[in-house]
Amino acid sequence: QKEVEQNSGPLSVPEGAIASLNCTYSDRGSQSFFWYRQYSGKSPELIMFIYSNGDKEDGRFTAQLNKASQYVSLLIRDSQPSDSATYLCAVNYNTNAGKSTFGDGTTLTVKP
Amino acid sequence: EPEVTQTPSHQVTQMGQEVILRCVPISNHLYFYWYRQILGQKVEFLVSFYNNEISEKSEIFDDQFSVERPDGSNFTLKIRSTKLEDSAMYFCASSDRADTQYFGPGTRLTVL
């Protein structure tokens, strides 16, 4: 059973701070890694994807991947109250089938 | 910006009835998926579809479920003889490559 584990949270940070979200996965053959944001009652919204070890930056978001440690993280710089949501880590083992395995999510609250 | 659409937004049905959930994927996408999310739980993969056939399906996707692409735009999920435990949000997703998936807004299915 391929598992994806995330910090249970909730995580609370003050506005302007850096929020750090972590995810580990069990299957060493996993190929691609995704971070989604999900507001309550809404669908997952893709924020970042990363395939290679290292960092990938997009605006205030940075995804970090370490395949040796089976670890992927998301940093949110200059956190805003609008970033308050549940962040879902998803992992794909087989890029041909594209099935994503999701973690439980970490709920982030950014306090003004 | 193109997006995945789903109808209806909310479906209420009696236990034992059949329901069809409809999705219109992004027009140039080739890979289609159904996921579900029971309230308070993680997003779970049901099935992936490519080139007019199922690519992969989960243990959840048993004989009660079927998918179809009846024309060039729609992608449907049929649930035969619904059960109480089928109550969940059902998300359709599509991808132009077999990993980066974009989710629709979801259909909330309530089985009474």
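Values in this document were obtained by computation on a predicted structure and should not be read as measured data. Here, residues in each chain are numbered from 1, in the same order as that chain's written sequence. For this description, chains carry letters from A and ligands carry numbers from 1, given in the order in which they are written. Local features in this predicted model are restricted to residues of pLDDT 70 or higher, and side-chain atom pairs are both shown and tallied only at a pLDDT of 80 or more, whereas totals for entire chains, interfaces and linings draw on every residue. Each side-chain value is derived from all of the structure's non-hydrogen atoms; neither hydrogens nor water enter the calculation.

1. Looking at the overall build of chain A
Moving on, step 1. In DSSP terms, a helix is any run of H or I states spanning at least four residues, a strand is any run of E spanning at least two, and both are numbered starting from the N terminus. If you tally the helices and strands in chain A, you get zero helices and 11 strands.
Moving on, step 2. The linear arrangement of helices and strands in chain A, starting from the amino end, is β-β-β-β-β-β-β-β-β-β-β.
Moving on, step 3. Put simply, the radius of gyration uses C-alpha atoms, and a globule should come to 2.2 Å times the residue count raised to 0.38. In terms of overall size, chain A behaves like a compact globule, its C-alpha atoms giving a radius of gyration of 13 Å where 112 residues would be expected to give roughly 13 Å.
Moving on, step 4. In terms of overall dimensions, chain A has a C-alpha envelope of 40 × 30 × 20 Å along the principal axes.
Moving on, step 5. Exposure is judged per residue with a 1.4 Å probe applied to protein chains only, and the accessible area is read against the type maximum: over 50% gives exposed, under 20% gives buried, and values in between give partly exposed. In chain A, buried positions account for 46% of the 112 residues.
Moving on, step 6. A fraction of 53% describes how many contacts in chain A between residues 6 or more apart in sequence connect residues 24 or more apart. The criterion used for residue contact is that any of the two residues' heavy atoms lie within 4.5 Å.

2. Description of the pattern of salt bridges
Pairs can form between side chains of opposite charge whenever their charged atoms are close.
Residue and element names in this part refer to chain A.
Moving on, step 1. Salt bridges are counted wherever a side-chain nitrogen of Lys or Arg sits within 4 Å of a carboxyl oxygen of Asp or Glu. With the rule as written, the count across this model stands at five salt bridges over all chains.
Moving on, step 2. In this structure, the salt-bridge partner of Glu45 is Arg37, at a minimum N-O distance of 3.2 Å.
Moving on, step 3. The exposure class of Arg37 is buried, given its relative accessible area of 14%.
Moving on, step 4. One salt bridge in this structure joins Arg60 and Asp83, with 2.8 Å as the shortest N-O distance. You can see Arg60 sitting in the loop between strand E6 (54-58) and strand E7 (61-66) and its partner Asp83 sitting in the loop between strand E8 (71-76) and strand E9 (85-92), a full 23 residues away along the chain.
Moving on, step 5. You can call Arg60 partly exposed: its relative accessible area is 27%.

3. Considering the sheet that holds E6 of chain A
Residue and element names in this part refer to chain A.
Moving on, step 1. Reading across from one edge, E1-E3-E8-E7-E6 is the order of the five strands in this open sheet, with antiparallel pairing throughout. Here the strands that pair on one side only, and so sit at the sheet edges, are strand E1 (4-6) and E6. Between one strand axis and the next, the sheet turns by 20° as a mean value, whatever way the strands run.
Moving on, step 2. At least two DSSP bridges between two strands are needed for those strands to be called paired. When E7 meets E8, the two strands line up antiparallel, connected through six bridges. Its bridge partner being in E8, Leu65 is matched across the sheet by Val72. Axes here mean lines fitted to C-alpha atoms, for a helix over just the part in contact, with angles spanning 0 to 180 degrees between N-to-C directions.

4. Notes on the pairing of strand E11 (residues 106-111) of chain A
All names here are of chain A.
Moving on, step 1. Alternating positions in E11 separate cleanly, Thr106, Leu108 and Val110 being buried on one face and Thr107, Thr109 and Lys111 remaining unburied on the opposite face.
Moving on, step 2. Bridge count for strand E2 (residues 11-14) against E11 is four bridges, and the pairing is parallel. Its bridge partner being in E11, Leu11 is matched across the sheet by Leu108.
Moving on, step 3. Bridge count between E9 and E11: three bridges; the pairing is antiparallel. Each bridged residue has a counterpart across the sheet, and for Tyr87 the counterpart in E11 is Thr106.

5. Comments concerning the state of the cysteines
Moving on, step 1. Working definition: a disulfide is two cysteine sulfur atoms within 2.5 Å of each other. For the structure shown, the criterion picks out two disulfides over all chains.
Moving on, step 2. Paired through a disulfide, Cys23 of chain A and Cys89 of chain A show a sulfur-sulfur distance of 2.0 Å. Across the S-S bond linking Cys23 of chain A and Cys89 of chain A, the dihedral sits near -70°, which makes this disulfide left-handed. Of this pair, Cys23 of chain A sits in strand E3 (residues 19-25) while Cys89 of chain A sits in strand E9, and the two are 66 residues apart along the sequence. As far as the burial class goes, Cys23 of chain A and Cys89 of chain A line up, both buried.
Moving on, step 3. Disulfide pairing places Cys23 of chain B opposite Cys92 of chain B at an S-S distance of 2.0 Å.

6. Thoughts on the interface of chain A and chain B
Moving on, step 1. With 23 residues of chain A at the interface, the matching set in chain B holds 19 residues.
Moving on, step 2. At the junction of chain A and chain B, the tally comes to one salt bridge.
Moving on, step 3. Here a polar contact is recorded for every N or O atom pair within 3.5 Å, except that within protein the pair must consist of a potential hydrogen donor and a potential acceptor, and residues adjacent in sequence are included only if both atoms are side-chain atoms. Summed over the shared surface of chain A and chain B, the number is six residue pairs in polar contact (both at pLDDT 80 or more).
Moving on, step 4. For the side of chain A that touches chain B, the elements supplying multiple residues, two or more each, are strand E4 (32-38), strand E5 (45-50), E9 and strand E10 (100-102) of chain A.

7. Some words on the confidence of the model for chain B
Moving on, step 1. The predictor reports its confidence for every residue as pLDDT, a score running from 0 up to 100. Scored by pLDDT, chain B comes out at a mean of 93, with 98% of its residues at no less than 70.
Moving on, step 2. Ranking the elements of chain B by mean pLDDT puts strand E6 (residues 53-57) of chain B last, at 91, and strand E11 (residues 107-111) of chain B first, at 98.

8. Points about the layout of surface pockets
Moving on, step 1. A pocket here means an open set of points on a 1 Å grid, computed over the protein atoms alone, that has protein on both sides within 12 Å along at least five of seven lines. A cavity is instead a set of points where a 1.4 Å probe fits but cannot get out; residues with an atom within 4 Å of a point line either one. Grid points are joined across faces, edges and corners, and a volume is the space filled by probe spheres set on the points. Volume-wise, the largest pocket comes out at about 460 Å³.
Moving on, step 2. Contributing to the lining of the largest pocket are 22 residues, with Ser43 and Pro44 of chain A together with Phe103, Gly104 and Pro105 of chain B lying nearest its centre.
Moving on, step 3. Mapped onto the lining of the largest pocket, the elements with two or more residues apiece are E5 of chain A together with strand E10 (102-103) of chain B.
Moving on, step 4. Just so you know the grouping, Ala, Val, Leu, Ile, Met, Phe, Trp, Tyr, Cys and Pro go in nonpolar, Asp, Glu, Lys and Arg go in charged, and all remaining residues, Gly too, go in polar. Here the residues of the lining of the largest pocket sort into 10 nonpolar, seven polar and five charged.

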